[in-house]
Amino acid sequence: MPELRELYERLFRAFGPQGWWPARGPFEVAVGAVLTQNTNWANVKRAVRNLRRAGALSPQAIHRMAEAELARLIRPSGYYNVKARRLKHLVEFLISECGGRLRSLRRQDAQELRRRLLRVKGIGPETADSILLYALEKPVFVVDAYTLRVLKRHGLLSPQAGYQEAQELFHKALEPDARLFNEFHALFVRVGKEFCRPRRPLCGGCPLLSLGPPRST
DNA sequence: TGCCAGGCCGGGT
DNA sequence: ACCCGGCATGGC
């Protein structure tokens, strides 16, 4: 699938650099990755702002805080009770594995790290990969609902395909380049938001239309 | 007014 | 190995 490269060029020409991940540091990336699970980024920003004003944007601060208080701060991001517990699990992992310093994991093997992240309750494939790519700059492709929808709608992926298959598509066709994966995934989100919404089979003006006949998913 | 948003878990087939 | 209900806020 060398056309993935063409797909990337097309998206980049249409939208330009997306500046991901919008966060101040690796830990904030990880927190945002949990908070944005099935949630609008605008709501996540409010939650992150609340955490910052409370001085709670460090693993230690979140570790010390009562879970109910944490839930109150992240309320705007939705699912605040489950997410508070997930953040607790995340910081327990970070404190025990790297003394709370995410950066110190940067030299570790990406796939090994991925397996360890996936054992944390509340961290699934997309959240783990977001941390690996956007916080640790590992060349791991992040797949999300937009990525799947765009790929399927343009016939580059079978309708039944899941996370694993989509990720393999990129890992097999592209050089492992964290900067490329970073921009590429952000562009999927961008084009998905603008032209590939659910219940809207035809996407007028979509820069990918000439790739092939859009399917209806 | 519903529908949607940068998922994941636990229980059931 | 899938499939499903639950989890919740805010914007359009």
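Residues numbered from 1 in each chain as written. Chains lettered and ligands numbered in written order. Predicted model: local features only at pLDDT ≥ 70, side-chain atom pairs only at ≥ 80, totals over all residues.

Attention now moves to the overall build of chain A. Helix and strand content of chain A: eleven helices and zero strands. Along chain A, from the amino end to the carboxyl end, the secondary structure elements read α-α-α-α-α-α-α-α-α-α-α. Its C-alpha atoms give chain A a radius of gyration of 18 Å, near enough to 17 Å, the size a compact globule of 217 residues would have. The 217 residues of chain A split such that 33% are buried. Sequence-distant contacts in chain A: of pairs separated by 6 or more residues, those separated by 24 or more amount to 64%. (Helix = DSSP H or I, 4+ residues; strand = E, 2+ residues; numbered from the N terminus. Rg over C-alpha atoms; globule rule 2.2 N^0.38 Å. Buried ≥ 20, exposed ≤ 12 C-beta atoms within 10 Å, placed from the backbone. Contact = placed C-beta atoms within 7 Å.)

Examined at the domain level, chain A breaks down into domain 1 (3-19 + 142-211) and domain 2 (26-135). Computed from C-alpha atoms alone, the centre-to-centre distance between domain 1 and domain 2 is 25 Å. Taken together, the contact between domain 1 and domain 2 spans seven residues of the former and six residues of the latter. The element contributing the most residues to the side of domain 1 that touches domain 2 is helix α11 (residues 178-195), with three residues. (Domains from an automatic or database assignment.)

With respect to burial, helix α2 (residues 26-35) is a largely interior element, nine of its ten residues being buried. Buried within α2 we find Pro-26, Phe-27, Val-29, Ala-30, Val-31, Gly-32, Ala-33, Val-34 and Leu-35. If you follow the buried residues of α2, they end up packed against α3 (41-53), α4 (59-64), α6 (80-98) and α8 (125-135).

Right, let's get into the protein's contact with DNA strand B. Around DNA strand B sit 27 residues in total, of which Gln-37, Asn-38, Gly-124, Thr-127 and Ala-145 are the nearest. Elements supplying a minimum of two residues to the surface near DNA strand B: α8, α9 (145-153) and α11. Sort the elements by how many residues they give to the surface near DNA strand B and α8 lands first, with four residues. (Near = placed C-beta within 6 Å.)

Moving on: the protein's contact with DNA strand C. As a matter of local geometry, DNA strand C sits amid Asn-38, Thr-39, Asn-40, Ala-42, Asn-43, Arg-75, Pro-76, Gly-78, Tyr-79, Tyr-80, Asn-81 and Val-82. Contributions of two or more residues to the surface near DNA strand C are made by α3 and α6. With three residues, the single largest contributor to the surface near DNA strand C is α6.

Turning next to unusual backbone geometry. Omega for the peptide link from Trp-20 to Trp-21 comes to -5°, which places this bond in the cis form. Residues other than glycine seldom take positive phi values, yet Tyr-79 does so here, at roughly 45°. For Tyr-79, the position within the fold is in the loop between α5 (67-73) and α6. Take Tyr-79: there are 16 C-beta atoms within 10 Å of it, and that puts it in the partly exposed class. Here the phi dihedral of Arg-199 falls at roughly 65°; this positive angle occurs in a residue that is not glycine. Within the fold, Arg-199 resides in the segment after α11. By the C-beta count within 10 Å, which is 5 here, Arg-199 ends up exposed.

Axes are the key here: two packed helices are described by the angle between their axes and the distance separating the axes. It is the contact of α2 with α6, at a shortest axis distance of 10 Å, that shows an interaxial angle of 145°. Note on packing geometry: the crossing formed by α2 with α6 is right-handed. Of the residues in α6, those in contact with Ala-30, Val-31, Val-34 and Leu-35 of α2 are Lys-83, Arg-86, Leu-87 and Leu-90. (Axes fitted to C-alpha atoms, helices over the stretch in contact; angles between N-to-C directions. Left-handed = near helix turned anticlockwise from the far one by under 90°.)

Note on placement: Pro-159 falls in the loop between α9 and α10 (163-173). Between the C-alpha atom of Pro-159 and that of Arg-85, which follows or precedes it by 74 residues, the distance is 33 Å.

A few words on the nonpolar core. Among the nonpolar cores identified, the biggest contains 53 residues, and Ala-30, Leu-87 and Ile-131 are the most heavily contacted of them. If you list the elements that add at least two residues to this core, you get α1 (3-15), α2, α3, α5, α6, α8, α9 and α11. Three or more residues apiece are contributed to this core by two domains, here domain 1 (3-19 + 142-211) and domain 2 (26-135). Not counting residues within four places of it along the chain, the set of residues in contact with Ala-30 comprises Leu-90, Leu-102, Ile-131 and Ala-135. (Core = buried A, V, L, I, M, F, W, Y, C linked by C-beta atoms within 7 Å.)

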